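# Examination of the molecular architecture
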Amino acid sequence: MCTYCGCESIAVIGRFMAEHTEIVNAAGRLRRAVEGGDPAGVERACDEVAALLSPHTQAEEVGLFSVMRRQEEFTEHIDSLCAEHTTLDEQLAAVRAGDHDRFEEFWHDLRHHIDREDNGLFPASAIALDGPDWDEVDGATPAP
């Protein structure tokens, strides 16, 4: 999580950044299960990651992303982040289904994706959005 711009003080951004930390921690537990050759542990850890990741990405997409997407300079970036959400889900499902070799790809893509949000989109949103926009983001974002 970055701390240089203060965007984490915006409630929804702070929440998303905290959720990123939880997701990375859960993915670390998945890494240990994969490395330990524990298929049942991998399934449990994948379920844990999915239970954190799915509601998180849904909340981002229906709240912050939907509001930011209306600004043309962010549309392509938002679309690419949404595509990454889909890719992460597919990679995680493949790991859960037994393709444990896909974990490293998932891990790399997850970390890169989070970096793009924490150090790119979230700080940009703090500058680009104003009070009514944030009210709309808050109203559209499902509770955790």
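So, here is what we can say about the structure in this document. Please read these numbers as outputs of a predicted model, since none were measured by experiment.

## Thoughts on the packing of helix α2 (residues 39-68) against helix α4 (residues 103-128)
Taken N-terminus to C-terminus, the directions of α2 and α4 make an angle of 30 degrees; their axes are 13 Å apart at the nearest point. It follows from the interaxial angle that α2 and α4 lie roughly parallel. The interaxial crossing formed by α2 with α4 has left-handed handedness. The residues of α4 that touch α2, namely those facing Val49, Leu53, His56, Glu60, Leu64, Phe65 and Met68, are Phe106, His113, Glu117, Leu121, Phe122, Ala124 and Ser125. Of the residues assigned to the contact of α2 with α4, the class counts are nine nonpolar, three polar and two charged.

## As for helix α3 (residues 72-96)
When the terminal C-alpha atoms of α3 are compared, their 37 Å separation across 25 residues agrees well with the 36 Å that a helix rising 1.5 Å per residue should span. What α3 keeps buried is the set Phe74, Ile78, Leu81, Cys82, His85, Leu88, Gln91, Leu92, Ala94 and Val95. Of the surrounding elements, those touching the buried residues of α3 are α1 (11-35), α2 and α4. Immediately downstream of α3, the backbone of Gly98 shows phi near 115 degrees, a positive value.

## Here we look at the nonpolar core
Buried together is how nonpolar side chains tend to be arranged in soluble globular proteins. Leu30, Val42, Val95, Phe103, Phe106 and Leu110 are the most contacted members of the largest nonpolar core, which has 20 residues in total. Counting only elements with at least two residues in this core, the list comes to α1, α2, α3 and α4. Filtering out sequence-adjacent residues up to four positions away, Phe106 remains in contact with Ala27, Leu30, Val49, Leu53, Leu88, Gln91 and Leu92. Of all hydrophobic cores here, the second largest spans 18 residues; its members include Val12, Val67, Ile78 and Phe122.

## Notes on the pattern of salt bridges
Within this structure, the stated rule accounts for eleven salt bridges. We note a salt bridge from Arg44 to Asp38, for which the minimum N-O separation is 4.0 Å. On the basis of relative accessibility, which here comes to 33%, the residue Asp38 falls in the partly exposed class. Between Asp47 and Arg96 there is a salt bridge, and its shortest N-O distance comes to 2.5 Å.

## What to know about the packing of α2 against helix α5 (residues 131-140)
As a packed pair, α2 and α5 sit with axes 7 Å apart at the nearest point and diverge in direction by 150 degrees. When the axis of α2 is compared with that of α5, the two are roughly antiparallel. Relative to α5, the crossing made by α2 is right-handed. In contact with Val62, Gly63, Leu64 and Val67 of α2, α5 contributes Asp133, Trp134, Glu136, Val137 and Ala140.

Calculation notes
Residue positions are counted from 1 within each chain, in the order its sequence is given. Given that the model is predicted, a residue must reach a pLDDT of at least 70 before its local features are reported, and side-chain atom pairs must reach 80 or more before they are shown or counted; all residues, however, enter totals for whole chains, interfaces and linings. To obtain the side-chain values, all non-hydrogen atoms of the structure were included, while hydrogens and water were left out. Helix axes are fitted only over the stretch in contact, all axes being lines through C-alpha atoms; the angle between N-to-C directions runs from 0 to 180 degrees. Helix and strand assignments come from DSSP, with helices taken as H or I runs of at least 4 residues and strands as E runs of at least 2, each series counted from the N terminus. Between 65 and 115 degrees an angle is taken as roughly perpendicular, under 35 as roughly parallel, over 145 as roughly antiparallel, and anywhere else as oblique. Take the far helix as the reference: if the near one is turned anticlockwise from it by less than a right angle, the crossing is left-handed, and if turned clockwise, right-handed. The contact criterion used throughout is that any non-hydrogen atoms of two residues lie within 4.5 Å. Any residue that is not Ala, Val, Leu, Ile, Met, Phe, Trp, Tyr, Cys, Pro, Asp, Glu, Lys or Arg is counted as polar, Gly included; the first ten are nonpolar and the last four charged. By this rule the span expected of a helix is its residue count minus one, scaled by 1.5 Å. When accessible area is computed with a 1.4 Å probe and restricted to protein chains, residues below 20% of their type maximum are described as buried, those above 50% as exposed, and intermediate ones as partly exposed. Here, nonpolar core refers to any group of buried Ala, Val, Leu, Ile, Met, Phe, Trp, Tyr and Cys residues whose side-chain atoms link them within 4.5 Å. We define a salt bridge as a contact between a side-chain nitrogen of Lys or Arg and a carboxyl oxygen of Asp or Glu at a distance within 4 Å.

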